[in-house]
Amino acid sequence: AKHEKEGDDPCSMELGKECNKQDELRGKSVADICSQDDFHTLAFPSISTSDFQFNHEKASDIITEVVANFLIKVDNIRLVLVDLSHKSNILSLVRAKAAKKHIDNKRFLIHVGDITRLHTEGGLHCNVIANAANWRLKAGGGGVNAAIFKAAGEALEIATKQRAETLSPGNSVVVPVPSTSPLHQREGVTHVIHVLGPNMNPQRPNCLNDDYVQGCNILRNAYSSLFKNFASISH
Ligand code: AR6
C-alpha cells in the first residue's frame with residue numbers, strides 16, 4: 001500500500017522547484033537523490049516529441065515501457081527524464097504512466113529544467129546526458145540539440161565527428177565529452193549520447209508520414225539503444 005501511495009503522488013518523482021516543499025516535508029532533499037550514492041545517472045529528453053512531432057500518448061507509453069524493462073535488468077543506474085517546462089505535456093503523461101506501472105521513483109525521476117544546466121541550476125549530478133539529434137549529427141537546428149552543442153562548445157562537435165558521420169533512425173552513439181568542454185567542467189557531464197528518433201515532421205528528412213507502426217518500432221529501438229549504450233559505459 002505504501003508503494004502505491006508514493007507512486008500515485010505526482011510530486012514523488014518530481015525534482016522541480018515547485019515540489020521542494022513536499023520533499024522537504026517528506027524529509028529528503030531532491031538534489032540528494034542524485035548525489036547520495038554511487039549510481040550512474042543518465043538524463044534524457046523526450047526523443048522526437050517536439051520538432052519531430054511524434055504523438056505524445058504513444059511516446060509516453062514507449063518511454064515507460066522501455067524504462068521499466070531496462071531498470072529490472074540493471075543495478076546502480078538511474079534515469080532522469082527532463083523537459084524545460086512545468087507545463088510539459090510529455091512529463092505529465094510519463095509521470096502518470098510511471099506511477100501506474102509502479103516504476104521505482106528513486107531510479108526513474110522526472111525533472112523540469114535545462115538539460116545543459118542540471119548541476120548548476122538543478123543541483124543534480126548526471127554524468128551522462130542524451131541528445132535528440134539529427135541524422136547528420138550537426139550542431140544547431142533548434143531544440144535540445146542546439147542547446148547541448150552550444151553548451152558543450154566546439155569540443156563536442158569535433159569529438160562527435162570522430163565517432164560517427166551520420167546516425168540512422170532508432171540508433172545512438174556515445175561521445176565522450178572532452179575535459180576542456182564547459183559541459184564537462186561546469187556540469188560534470190562526461191558523455192553525451194546522441195539519439196536519432198523517428199520523424200513525423202514533413203519538413204524534416206526521413207518523414208514517416210504518420211506510419212506509427214514503423215514510428216513506434218523506431219522510437220522503442222532508439223530508447224533501447226540509448227539505455228544499452230548508457231549501461232555499457234557505466235561499469
Ligand atoms: N533541456 C531539456 N529539454 C529540452 C531542451 C533543454 N535545453 N530543449 C528542448 N527540450 P526536440 P525532436 C525538450 O525538438 O523532437 C532538432 O533541431 C523539448 O521540449 O529538441 O527529437 C534536431 O537537430 C522536447 O520535450 O527534439 C533534430 O533535427 C524534447 O527536448 C530535431 O530537432 C525533444 O525536442 C529533433 O526533434
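Residues numbered from 1 in each chain as written. Predicted model: local features only at pLDDT ≥ 70, side-chain atom pairs only at ≥ 80, totals over all residues. Heavy atoms only, no water.

Chemist: Honestly, the packing of aromatic side chains in this entry has me stumped. Any pointers?
Modeler: The relation between two aromatic rings is expressed through the spacing of the ring centres and the mutual angle of the planes. Scanning the entire structure with this criterion turns up six aromatic pairs. On the basis of an interplanar angle of 15 degrees and a centroid distance of 6.5 Å, the ring pair of F44 and F108 is categorised as stacked. You can see F44 sitting in strand β1 (residues 40-45) and its partner F108 sitting in strand β3 (residues 108-112), a full 64 residues away along the chain. Exposure class is identical for F44 and F108. Each is buried. (Phe/Tyr/Trp six-rings, centres within 6.5 Å; stacked < 30°, edge-to-face > 60°. Helix = DSSP H or I, 4+ residues; strand = E, 2+ residues; numbered from the N terminus. Buried < 20%, exposed > 50% of the residue type's maximum accessible area, 1.4 Å probe, protein only.)

Chemist: I tried to follow the sheet that holds β1 on my own but got confused; where do I start?
Modeler: The strands making up a sheet associate through hydrogen bonds between their backbones, and the pairing can be parallel or antiparallel. Spatially, the six strands line up as an open sheet ordered β3-β2-β1-β4-β6-β5, and their pairing is mixed. Only two strands of the sheet have a single partner each, and these edge strands are β3 and β5 (172-176). Each strand of the sheet is rotated relative to its neighbour by a mean of 25 degrees, with strand direction disregarded. Summarising the sheet, β5 and strand β6 (residues 191-195) pair through five bridges and their orientation is antiparallel. Among the inter-strand pairings, V174 is bridged to a residue of β6, identified as I193. The sheet strands contacting helix α6 (residues 143-152) are β1, β4 (128-132) and β6, and the helix crosses β4 at an angle near 135 degrees. Each of β5 and β6 is contacted by helix α7 (residues 154-163), which is oriented at about 130 degrees to β5, the strand it contacts most. (Pairing = 2+ DSSP bridges. Axes fitted to C-alpha atoms, helices over the stretch in contact; angles between N-to-C directions. Contact = heavy atoms within 4.5 Å.)

Chemist: I keep staring at unusual backbone geometry and nothing clicks. Help me out?
Modeler: As a rule of thumb, non-glycine residues mostly have phi less than zero, and peptide bonds are mostly trans rather than cis. Although it is not a glycine, N209 adopts a positive phi angle of roughly 45 degrees. Of note, N209 is situated in the loop between β6 and α9 (212-232). With a phi close to 65 degrees, D210 is a non-glycine residue in the positive phi region.

Chemist: Looking at this structure, how should I read the packing of helix α4 (residues 56-71) against α9?
Modeler: Helix-helix packing is characterised by the crossing angle of the two axes and by the distance between the axes. Relative to each other, α4 and α9 sit at 35 degrees, their axes nearing to 10 Å. Along this stretch, α4 crosses α9, giving a crossing that reads as right-handed. Contact residues: α4 offers K58, A59, I62, I63, E65, V66, V67 and F70, while α9 offers Y212, C216, L219, R220, Y223, S224, F227 and A231. Residues belonging to the contact of α4 with α9 are distributed by class as follows: 12 nonpolar, one polar and three charged. (Left-handed = near helix turned anticlockwise from the far one by under 90°. Nonpolar A, V, L, I, M, F, W, Y, C, P; charged D, E, K, R; others polar.)

Chemist: What should I look at first to understand the packing of α6 against α7 in this one?
Modeler: At a minimum axis separation of 5 Å, α6 and α7 run at an interaxial angle of 110 degrees. In terms of axis orientation, α6 runs roughly perpendicular to α7. Here α6 contributes I148, F149 and A152 to the contact with α7, which in turn contributes E154, A155, L156, E157 and T160. Along the lines of polarity and charge, the residues of the contact of α6 with α7 split into five nonpolar, one polar and two charged. (Parallel < 35°, antiparallel > 145°, perpendicular 65-115°, else oblique.)

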